[in-house]
Amino acid sequence: MTQILRARRLLTEEGWLDDRQLRIEDGVITAIEPVPAGVAPRDAELLCPAYIDMHVHGGAGVDVMDDAPDALDKLAMHKAREGVAGWLPTTVTAPLKTIHHALERIAQRCYSGGPGAQVLGSYLEGPYFTPQNKGAHPPELFRDLNLAELDELIAISRHTLRVVALAPEKPGALQAIRHLKQQDVRVMLGHSAASWEQTRAAFDAGADGLVHCYNGMTGLHHREPGMVGAGLTDPRAWLELIADGHHVHPAAMKLCCCCAKDRVVLITDAMQAAGMPDGGYTLCGEKVEMRGGIVRTAAGGLAGSTLSVDAAVRNMVELTGIAPEEAIHMASLHPARLLGIDRQLGSLSTGKRANIIALDSGLHLQQIWIQGQALPL
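Residues numbered from 1 in each chain as written. Predicted model: local features only at pLDDT ≥ 70, side-chain atom pairs only at ≥ 80, totals over all residues. Heavy atoms only, no water.

Naming follows an unreviewed UniProt entry, where the protein chain appears as N-acetylglucosamine-6-phosphate deacetylase of Citrobacter amalonaticus. The heading Sequence similarities (unreviewed entry) in the UniProt record of the protein chain holds the text "Belongs to the metallo-dependent hydrolases superfamily. NagA family." (UniProt positions renumbered as here; feature names shortened; annotations may be inferred.)

Written as structure tokens, this is what we have:
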């Protein structure tokens, strides 16, 4: 059955098109056409590609590490309500067997499908970090890099492991990066005290970018550019960014746009408190506290975020002054390109999946379609 969605403006990779309609068949976009003369009703002010959140730990009171059978379903529905049609459930540093169980659950959900945003695979954040910029990760559970262990993680994930995060100064890191890339796994660098030179060497070995740029890494100094300096200046590096105005100052967000506008990937790094009231929660097995939407450890450090992707897009426009289409691409096309899935997802184009969002002029979500199917918000 053919489905038609019409909008006053429609966003493609090349920019906005006025008065266009999408033709959809079997969950795939088959044509982008001018709205016929005399057809007045519109389905949306703006039709845009649905978002992809490639780095998310939880939300709606649920954690990716929870072993409850419906945990990922609840999270998938929570993500869909912020305009996300595809996401990577992201693990945290934990005992290896606990990580194994989480990867198994994610793989099962990835293959079986279910309600809400589609699980595109898993993202391993930890345990291959160093303690200097550990964030909320427990350093006593950090592990050395071992190729056989990485292969076991890939096998347990049934080859749905899409991203591995690691600290590039760890022994064997460059060999591990090359090995993971041969297995078609993306490698992001973070929770690390690496120098500019060590970070550049990791990019030379094939690393793809920085985990939540600025957070959990050596900062930018004019005599020691650090990991941030390496990421900002290396055209090969994708930069994850938590655009909530708390994790990264708006001026530092703007610096990312000045240096790397086409390489910024908006993420939430959201944890179980996202979408929930202030109070006590847990992350990496430790108690954390949310006040005013900001989550902190007992020591006062930031512990994940409560950000939604649609809010991140609006924040980028408001706080950095970039155009709306640029911010939307950072949450759709860019993560698709980073993950190597941009032939199927990430933009509105013929032949791609009909993962679409309707936005009003203020970039607030009005509706989402996943593979052509409208979801109740």
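Participant: Account for the side chain of Gln272, naming residues and giving values.
Facilitator: Relative to the helices and strands, Gln272 resides in the loop between strand 15 (264-267) and strand 16 (279-283). Given the relative accessible area of 9%, Gln272 is considered buried. At 2.8 Å, the side chain of Gln272 and the backbone nitrogen of Thr282 are in polar contact. If we skip the residues at most four places from it in the chain, Gln272 touches Gly58, Gly59, Ala60, Gly61, Val62, Asp63, Tyr281 and Thr282. (Helix = DSSP H or I, 4+ residues; strand = E, 2+ residues; numbered from the N terminus. Buried < 20%, exposed > 50% of the residue type's maximum accessible area, 1.4 Å probe, protein only. Polar contact = N/O pair within 3.5 Å; in protein donor to acceptor, adjacent residues only side chain to side chain. Contact = heavy atoms within 4.5 Å.)

Participant: Mind laying out the nonpolar core, listing which residues take part and the relevant values?
Facilitator: Ranked by size, the top nonpolar core spans 118 residues in total, and within it Trp87, Leu166, Leu189, Leu266 and Met316 carry the most contacts. The leading source of residues in this core is helix 1 (residues 71-80), at six residues. Residues from two domains meet in this core; each of domain 1 (2-47 + 358-375) and domain 2 (51-345) gives at least three. Setting aside its immediate chain neighbours within four residues, Leu266 contacts Ile52, Leu241, Ala243, Ala312, Val313, Met316, Ala327, Met330 and Ala331. Leu10, Ala44, Leu348 and Trp369 belong to the second largest nonpolar core, which has 13 residues in total. (Core = buried A, V, L, I, M, F, W, Y, C linked by side-chain atoms within 4.5 Å. Domains from an automatic or database assignment.)

Participant: Tell me about the pattern of salt bridges, and please be specific about residues and values.
Facilitator: Scanning the entire structure with this criterion turns up 19 salt bridges. For Arg42, the salt bridge goes to Asp19, with nearest N and O atoms at 3.0 Å. One end of the pair, Arg42, is in the loop between strand 3 (28-34) and strand 4 (44-49); the other, Asp19, is in strand 2 (residues 15-25), with 23 residues separating them in the sequence. When its relative accessible area of 34% is taken as the criterion, Arg42 is described as partly exposed. A relative accessible area of 35% places Asp19 in the partly exposed class. (Salt bridge = Lys/Arg side-chain N within 4 Å of Asp/Glu carboxyl O.)

Participant: Account for helix 6 (residues 226-233), naming residues and giving values.
Facilitator: Burial analysis of helix 6 places seven of its eight residues in the buried class, the great majority of the element. All buried positions along helix 6 are accounted for by Gly226, Met227, Val228, Gly229, Ala230, Gly231 and Leu232. Along its buried surface, helix 6 packs onto strand 12 (186-189), helix 5 (196-205), strand 13 (209-210), strand 14 (238-242) and helix 7 (250-260).

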